[in-house]
Amino acid sequence: MSATDAQAFWITAPERAELRPADVQRGNHEVLVKTLFTGISRGTERLVFHGNVPSTEHQTMRAPFQEGAFTFPVKYGYSAVGKVQGGPRDGKTVFALFPHQTHFAIPEAAALTVPDAVPANRAVLAANMETALTILWDAGIGPGDKVAVIGSGVVGALVGYLAGRIPGTEVTLIDIDETRASLAAKLGCSFATPDDADGDADVVVHASASDAGFAKAIALAGMEATIVEASWYGARTTQAPLGGPFHQRRLKIIASQVGRIPAHHAARWDYGRRMRKALDLLVDEQLDALISGESEFLALPDQYGSILADPATLCHRISYQA
């Protein structure tokens, strides 16, 4: 496959993007994949699009198959679903942590087969599900726990969805956007606005990436409760109200980041096993509620900025089948 046969989406400057030719050559022990769909991870990709990745995190924030470097130009993304072209896995649908591109070649081990029960157009949620699974491990949520999830974007909603399937849990999604109540209901969770949310939670997961959201997490946490900070703020400085009840309640704050497997799982789990489990967890058709829109790949440079700017965006899916 020559450079003229494939195209890739590049962010070339703050709030500017374009399609560029991609040179795709399959090497030994690699698979060639024709992309069917990719998913936009709004929070992270918005930071990249605006050039807000901190200089101290340029290496740790690299996507597995990123090209270029922060801040620009950079080919960034990590949620691709496609079909293998040729070889022993010909025709298999696979998921890969690859940027937005029409075709790509990657090591065989990096292309994970999508379970037959999971449609390709839903499998773009796998990277977000992997993050949510890691947050649940970090949170240590147990049967019967009262759980508050602040921020009902894709990751927060998936945390609520998973936590709600632990026997006896009481899970509430909390968001300033009252229209997210219908999403919470589809995922099996209760819903509240910040002003109406009940306190005394056993576990609070903060996923709103806002100072007000983190302050609310502290306010809702019960005595000796756990707060999991799942937001990514980029280069922005944040404020945390660590006075008032914070010390008296002996609250514990845990940072969750998908780039590492928590220590209490690391002896048994590797990244491949975790991602395979994330794919398995996508069998429920109710999760289609997290797909908030779809665009054609060729239109992506023109639409990318507005997709990222729209607070109603959950997972925006890109189609390559035109």
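These lines cover the structure that appears in this document, whether it is placed above or below.

Conventions used here
- Numbers given to residues run from 1 along each chain, matching the order in which its sequence is written.
- A pLDDT threshold of at least 70 governs which residues receive local features in this predicted model, and a stricter bar of 80 or more applies before side-chain atom pairs are shown or counted, although totals over entire chains, interfaces and linings include all residues.
- Heavy atoms throughout the structure, all of them, feed into the side-chain values; hydrogens and water do not.
- Under the DSSP-based scheme used, a helix requires at least four consecutive residues in state H or I and a strand at least two consecutive residues in state E, with every element numbered from the N terminus.
- The reference for a compact globule is 2.2 Å times residues^0.38; the radius of gyration itself is calculated from the C-alpha atoms.
- Exposure is judged per residue with a 1.4 Å probe applied to protein chains only, and the accessible area is read against the type maximum: over 50% gives exposed, under 20% gives buried, and values in between give partly exposed.
- Any two residues whose heavy atoms approach within 4.5 Å at even a single point are treated as in contact.
- What sets the accessible areas is the Shrake-Rupley method with a 1.4 Å probe; for residues, cover comes only from the shown protein chains.
- In this tally Asp and Glu are treated as negative and Lys and Arg as positive; neither His nor the chain ends contributes.
- Just so you know, the charge point we use is NZ for Lys, CZ for Arg, CG for Asp and CD for Glu.
- Only buried residues count toward a nonpolar core, which is a set of Ala, Val, Leu, Ile, Met, Phe, Trp, Tyr and Cys residues joined through side-chain atoms within 4.5 Å.
- When DSSP finds at least two bridges between two strands, those strands are taken to pair.
- Note on geometry: axes are C-alpha line fits, over the in-contact stretch for helices, and angles between N-to-C directions span 0 to 180 degrees.
- Helix span is expected to be 1.5 Å times the residue number reduced by one.
- Surface patches are drawn from residues lacking salt bridges whose relative accessible area is over 30%; two like charges belong together within 9 Å, two nonpolar side chains (Val, Leu, Ile, Met, Phe, Trp, Tyr) within 5 Å.
- Salt bridges are identified by distance alone: a Lys or Arg side-chain nitrogen within 4 Å of an Asp or Glu carboxyl oxygen.
- The term polar contact refers here to a pair of N or O atoms within 3.5 Å; inside protein, the definition further demands a hydrogen-donor-capable atom paired with an acceptor-capable atom, and it admits residues adjacent in sequence only when both atoms are side-chain atoms.

**Comments concerning the overall build of the protein**
Here comes step 1: When helices and strands are counted, the protein shows nine helices and 17 strands.
Here comes step 2: For a compact globule of 322 residues, the expected C-alpha radius of gyration is about 20 Å, and the protein comes in at 20 Å, within 12% of that figure.
Here comes step 3: Taken across its 322 residues, the protein has 50% of its residues classed as buried.
Here comes step 4: The long-range share in the protein, meaning contacts at least 24 apart out of those at least 6 apart in sequence, stands at 65%.
Here comes step 5: Here the protein has roughly 14,500 Å² of accessible surface; of this, 49% comes from carbon and sulfur atoms.
Here comes step 6: Computing the positive centroid from 28 side-chain charges and the negative centroid from 35, the protein places the two 4 Å apart.

**Focus on the nonpolar core**
Here comes step 1: Core analysis: the biggest nonpolar cluster contains 72 residues, and Leu287 and Leu290 have the highest contact counts within it.
Here comes step 2: Per-element tally for this core: the top contributor is helix 2 (residues 126-139), with nine residues.
Here comes step 3: Setting aside residues up to four positions removed in sequence, leucine 287 forms contacts with Arg122, Leu125, Met129, Leu158, Tyr161, Leu187, Leu281 and Leu282.
Here comes step 4: Counting residues in hydrophobic clusters, the runner-up holds 17 residues, among them Ala192, Val204, Phe246 and Leu251.

**Side note on the sheet that holds strand 13 (residues 201-206)**
Here comes step 1: Spatial strand order, 12-11-10-13-14-15: six strands in an open sheet with parallel pairing. Both outer strands of the open sheet, strand 12 (190-192) and strand 15 (252-255), are each paired with one neighbouring strand and no more. The sheet shows a mean angle of 20 degrees between the axes of neighbouring strands, direction not considered.
Here comes step 2: Bridging between strand 11 (residues 170-174) and strand 12 involves three bridges; their strand directions are parallel. Its bridge partner lying in strand 12, isoleucine 174 is registered against alanine 192.
Here comes step 3: Along the sheet, helix 2 contacts strand 13, strand 14 (221-229) and strand 15; its crossing angle with strand 14, the most-contacted strand, is approximately 150 degrees.
Here comes step 4: The strands that helix 5 (residues 211-220) touches are strand 10 (146-150), strand 11, strand 13, strand 14 and strand 15; relative to strand 14, the one it contacts most, it runs at about 150 degrees.

**Things to note about helix 2**
Here comes step 1: Taking 1.5 Å as the rise per residue, helix 2 with 14 residues should run 20 Å; its terminal C-alpha atoms sit 20 Å apart, in good agreement.
Here comes step 2: Counting buried residues in helix 2 gives 14 out of 14 residues, a clear majority hidden from the surface.
Here comes step 3: Just downstream of helix 2 lies glycine 140, where phi reads positive at about 65 degrees.

**Considerations on the pairing of strand 2 (residues 16-22)**
Here comes step 1: For strand 1 (residues 6-13) and strand 2, the ladder comprises seven bridges, and the chain directions are antiparallel. By the bridge assignment for strand 2, alanine 8 is matched with arginine 20.
Here comes step 2: Here strand 1 hands over to strand 2 after two residues, with glutamate 15 in that stretch at a positive phi of 65 degrees.

**Regarding a negative patch on the surface**
Here comes step 1: Taken together, the side chains of Glu178, Asp195, Asp196 and Asp198 define an acidic patch exposed on the protein surface.
Here comes step 2: In this fold, aspartate 198 is placed in the loop between strand 12 and strand 13.

**Quick notes on the environment of serine 152**
Here comes step 1: Structurally, serine 152 can be placed in the loop between strand 10 and helix 3 (154-163).
Here comes step 2: Along the sequence, serine 152 and arginine 180 sit 28 residues apart, while their C-alpha atoms lie 7.1 Å from each other.
Here comes step 3: Every residue in contact with serine 152, bar those within four places of it in the chain, is listed here: Ala157, Leu173, Ile174, Asp175, Arg180, Leu183 and Leu314.
Here comes step 4: Reaching out from serine 152, the side chain makes a polar contact with the side chain of aspartate 175 at a distance of 2.8 Å.

**Quick look at the side chain of threonine 193**
Here comes step 1: Residue placement: threonine 193 occurs in the loop between strand 12 and strand 13.
Here comes step 2: Accessibility expressed as a relative area gives 14% for threonine 193, which makes it buried.
Here comes step 3: Once residues lying within four places of it in the same chain are set aside, the contact partners of threonine 193 are Ile174, Asp175 and Glu178.

**With respect to the environment of valine 171**
Here comes step 1: When you line up the elements, valine 171 lands in strand 11.
Here comes step 2: Look at valine 171 and you get buried, because its relative accessible area is 6%.
Here comes step 3: As a C-alpha pair, valine 171 and phenylalanine 191 span 20 residues in sequence and 8.4 Å in three-dimensional space.
Here comes step 4: Leave out the neighbours within four places in its chain, and valine 171 touches Val147, Val149, Gly160, Ala163, Gly164, Cys189 and Ser190.

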